[in-house]
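# Summary of structural features
Each chain, written out:
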Amino acid sequence: MANASQSAPKTIFTVSPHAQDQDPETTEARSGGELARPSAPSEGVSERSEQETQPSASAVPDTPASSQSVMDKIGNWAPFLLIRSTHPRQAVLTAIGLSVAAVLAGLTTREVILIAVTVLVGQAVLGWHNDLVDQGVDRRHEREGKPISDGRLESGGVWFALCCGVLLVIPLSVTSGTVAGLFYLGSLVIGMLANVLLRKGLFSWVLWAAAFACYPGYISYAGWAGESAGGPPHWAMVALAAALGVGVHFLTALWGLVADNEDGWTYLPLKAGLKLGAGKLLVVTLVYIAVVVGGMLYVASVVGLRA
């Protein structure tokens, strides 16, 4: 469940470029009516001397071209392109966040590692699904860093990777316990629904809140080898997790506000961006997320994760 664009946030209003190309006529006027021309070589210079002044082809270093060729090959390597389509930054941050929550909840090292791997696979599934759904929009807006829309990845191959990811994330989730696994798989289902439902209107935040509200239950019941541990999460932690989901929705939406506005979307982050501007909305969103995370840490220290 990730937003389409990952470039730097753009302001809602169009800013005209400052740089202007010089006009040949302007250059001619500044030089007195004539463009500067290279002077002919003097007659006294021999043909041999002229050849000696020209650098030989072997003297030109070819390392940058070779390096560029290697980088192009790596950048267009199918596994690398698949990773780029997972929205890797969001995937890694989500995995880190839930892993830290698992550590604070007192889970063992192997249980924390299992949660981290499960979340990474689940986020990859969400990222692939988002880019597959948005490939037409991404192509229309010529968004960078979208291998599916620019033709470097076949959509059929990405669908195959997505199906493999689903077949992998199900047993990974259940390994943490049946109840915990159902909570995490429920969050994935809601996240995939958020990629296709309610995303353009004022209630786009609802599914984000519902998906994040499943995370405390996943951590609270998590165990090992299919055995459920712990108990139900505290209601305050569930409410704060849902509030965090709304904040993350605003944060990810910032990268595509201009394109979404052109497409006529009316979701809440866009409404706020039109009033505040992208810069102010980013600051407000970061402060909001920091307050919610602080509230989660306070609740965890006072009442703990579980009810």
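Please refer to the structure placed before this passage.
Residues numbered from 1 in each chain as written. Predicted model: local features only at pLDDT ≥ 70, side-chain atom pairs only at ≥ 80, totals over all residues. Heavy atoms only, no water.

## Concerning the overall build of the protein chain
When helices and strands are tallied, the protein chain shows 15 helices and 0 strands. A total of 307 residues make up the protein chain; the buried ones form 40% of that total. Surface exposure of the protein chain reaches about 17,500 Å², of which carbon and sulfur atoms provide 65%. (Helix = DSSP H or I, 4+ residues; strand = E, 2+ residues; numbered from the N terminus. Buried < 20%, exposed > 50% of the residue type's maximum accessible area, 1.4 Å probe, protein only. Areas by Shrake-Rupley, 256 points an atom, 1.4 Å probe, with all protein chains shown as cover.)

## Notes on the pattern of salt bridges
Overall, the coordinates contain 6 salt bridges when judged by the stated rule. As a salt-bridge pair, Lys-146 and Asp-131 come within 3.2 Å of each other at their nearest N and O atoms. Residue Lys-146 is found in the loop between α7 (135–140) and α8 (155–175), and its partner Asp-131 is found in helix α6 (residues 109–133); the two are separated by 15 residues along the sequence. Summarising the burial analysis for this pair, Lys-146 and Asp-131 share the class buried. (Salt bridge = Lys/Arg side-chain N within 4 Å of Asp/Glu carboxyl O.)

## Quick word on the packing of aromatic side chains
Counted according to the given criterion, the structure contains 5 aromatic pairs. An aromatic cluster is defined as three or more aromatic residues linked by ring pairs; in this entry it consists of Tyr-184, Phe-212, Tyr-215 and Tyr-218. (Phe/Tyr/Trp six-rings, centres within 6.5 Å; stacked < 30°, edge-to-face > 60°.)

## Focus on the state of the cysteines
Covalent bonding between the sulfur atoms of two cysteines defines a disulfide. Taken as a whole, this structure holds 0 disulfides when the rule is applied. Free of any disulfide, Cys-164 has its nearest neighbouring cysteine sulfur in Cys-163, separated by 7.0 Å. Overall, Cys-164 belongs to the partly exposed group, its relative accessible area being 36%. (Disulfide = S-S within 2.5 Å.)

## Considerations on the nonpolar core
One broad rule of soluble globular proteins: the nonpolar side chains tend to lie buried together. Formed by 39 residues in total, the largest nonpolar core has its most connected members in Leu-107, Ile-115, Val-119, Tyr-184, Tyr-218, Ile-219 and Leu-244. Residue assignment for this core shows that the elements contributing at least two residues are α5 (88–104), α6, α8, α9 (178–194), α10 (204–213), α11 (215–221), α12 (235–253) and α15 (278–302). Excluding residues within four positions of it along the chain, Val-119 makes contact with Thr-94, Ala-95, Leu-98, Tyr-184 and Tyr-218. (Core = buried A, V, L, I, M, F, W, Y, C linked by side-chain atoms within 4.5 Å. Contact = heavy atoms within 4.5 Å.)

## Quick notes on α8
The terminal C-alpha atoms of α8, which comprises 21 residues, lie 30 Å apart, in line with the 30 Å expected from a rise of 1.5 Å per residue. Every buried residue of α8 is listed here: Val-158, Ala-161, Leu-162, Gly-165, Val-169, Leu-172 and Ser-173. Summarising the contacts, the buried residues of α8 are in contact with α4 (78–84), α6 and α9. (Expected span 1.5 Å × (residues − 1).)

## Some remarks on unusual backbone geometry
We note that His-87 has phi near 60°; this positive angle belongs to a residue other than glycine. On the secondary structure map, His-87 appears in the loop between α4 and α5. Phi is positive for Glu-142, which is not a glycine, with a value near 50°. When you line up the elements, Glu-142 lands in the loop between α7 and α8.

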